[in-house]
Amino acid sequence: NLEIIFVGRSNVGKSSLLKELFGAKVKVGKRPGVTLRPTHAHVSDLLITDMPGFGFMSGVKDRKQDIVKDKTVHYIEDNAERVKIGVLVIDGPALPEIVDRWDSRDQIPIDVEMFDFLREIGIDTIVAANKMDRVKENEYDPLLDEIAVRLGLEPPWQNWKHIIAPISAKKGDLKALKGLLRDRLHEMKRDDLF
Ligand code: GDP
């Protein structure tokens with residue numbers, strides 16, 4: 001069996017993206033109550049997993065980010081055999097500043113930490129840079145270069161088009177991500193999904 005896991009900070013647009021990609025097949029969005037468990041759905045013969053967003057949640061106080069991070073890491077380690085593709089969803093326009101803010105406190109931002117972790121454990125990782133509809137045309141490539149740098153990928157970002165997929169879940173512009181998923185699934189002989 002084959003699993004695709006979606007991870008990201010809260011509010012990056014992960015629910016919007018999953019809804020656009022899989023429609024009603026994947027139940028996503030703000031789950032009632034405080035749940036830290038992943039949500040699963042079967043789409044064709046794939047298992048789609050939506051991990052809880054890294055971030056703050058009322059009632060769980062400020063350690064939620066660490067709790068979710070640990071749970072995500074354990075989940076992935078426990079299922080590494082099956083998890084073939086990881087989609088890290090980021091807020092494209094916000095990422096450079098977020099990373100720099102954490103860097104200035106000598107901390108590793110969770111997005112970068114997850115990116116490194118997924119790759120280290122051998123998961124084929126795609127970065128879905130969402131909310132690109134907010135970026136002006138002339139700022140588009142420079143922003144993506146900035147994102148690449150923050151992820152430790154040497155610019156120009158176009159060298160990393162097999163990893164970085166600029167998208168807008170809001171506008172339904174998911175071409176780049178669908179293309180990368182299609183390529184991956186094609187290699188695995190499953191090509192009827194996107
Ligand atoms: P999640 O917490 O990661 O699941 O994020 P949501 O899907 O709930 O979206 C968080 C906020 O970002 C909502 O206000 C969405 O309308 C907004 N959003 C999601 N995708 C996009 C996008 O592609 N562009 C813009 N401008 N806003 C988006």
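Note that this is a predicted model, so its numbers are computed, not measured.

Peer 1: Run through the site of the ligand, naming residues and quoting values.
Peer 2: Close to the ligand lie 16 residues; N11, K14, S15, S16 and D133 are nearest. At a separation of 2.8 Å, an oxygen atom of the ligand approaches a polar backbone atom of K14. Between an oxygen atom of the ligand and a side-chain N or O atom of S16, the distance comes to 2.5 Å. Coverage of the ligand by the protein chains reaches 77% of its 580 Å² of free accessible surface.

Peer 1: Outline the side chain of K131, supporting the account with residue identities and numerical values.
Peer 2: As for its position among the elements, K131 is in the loop between β5 (124–130) and α5 (137–150). Residue contacts for K131: discarding those within four places in its chain leaves N11, V12, G13, D91, P93, I167 and S168.

Peer 1: Any chance you could break down unusual backbone geometry for me, citing the residues and the numbers?
Peer 2: Note: most residues except glycine have negative phi, and most peptide bonds are trans. For the peptide bond that leads from P155 to P156, omega is 5 degrees, which places it in the cis range. Residue N11 is not a glycine yet carries a positive backbone phi of 80 degrees. One can find N11 in the loop between β1 (2–8) and α1 (14–22). Even without a glycine there, the phi angle at S44 is positive, about 55 degrees. By secondary structure assignment, the location of S44 is in the loop between β2 (39–43) and β3 (46–50).

Peer 1: An account of the packing of helix α3 (residues 95–104) against α5 is requested, with residue identities and associated values reported.
Peer 2: In the contact formed by α3 and α5, the axes pass within 9 Å of each other and the chain directions differ by 35 degrees. The interaxial crossing formed by α3 with α5 has left-handed handedness. Only L143, E146, I147 and R150 of α5 make contact with α3, whose side of the interface consists of L95, P96, V99 and D100. Taken together, the residues of the contact of α3 with α5 sort by class into five nonpolar, no polar and three charged.

Conventions we followed
- Residues numbered from 1 in each chain as written.
- Predicted model: local features only at pLDDT ≥ 70, side-chain atom pairs only at ≥ 80, totals over all residues.
- Heavy atoms only, no water.
- Near = heavy atom within 4 Å.
- Polar contact = N/O pair within 3.5 Å; in protein donor to acceptor, adjacent residues only side chain to side chain.
- Areas by Shrake-Rupley, 256 points an atom, 1.4 Å probe, with all protein chains shown as cover.
- Helix = DSSP H or I, 4+ residues; strand = E, 2+ residues; numbered from the N terminus.
- Contact = heavy atoms within 4.5 Å.
- Axes fitted to C-alpha atoms, helices over the stretch in contact; angles between N-to-C directions.
- Left-handed = near helix turned anticlockwise from the far one by under 90°.
- Nonpolar A, V, L, I, M, F, W, Y, C, P; charged D, E, K, R; others polar.

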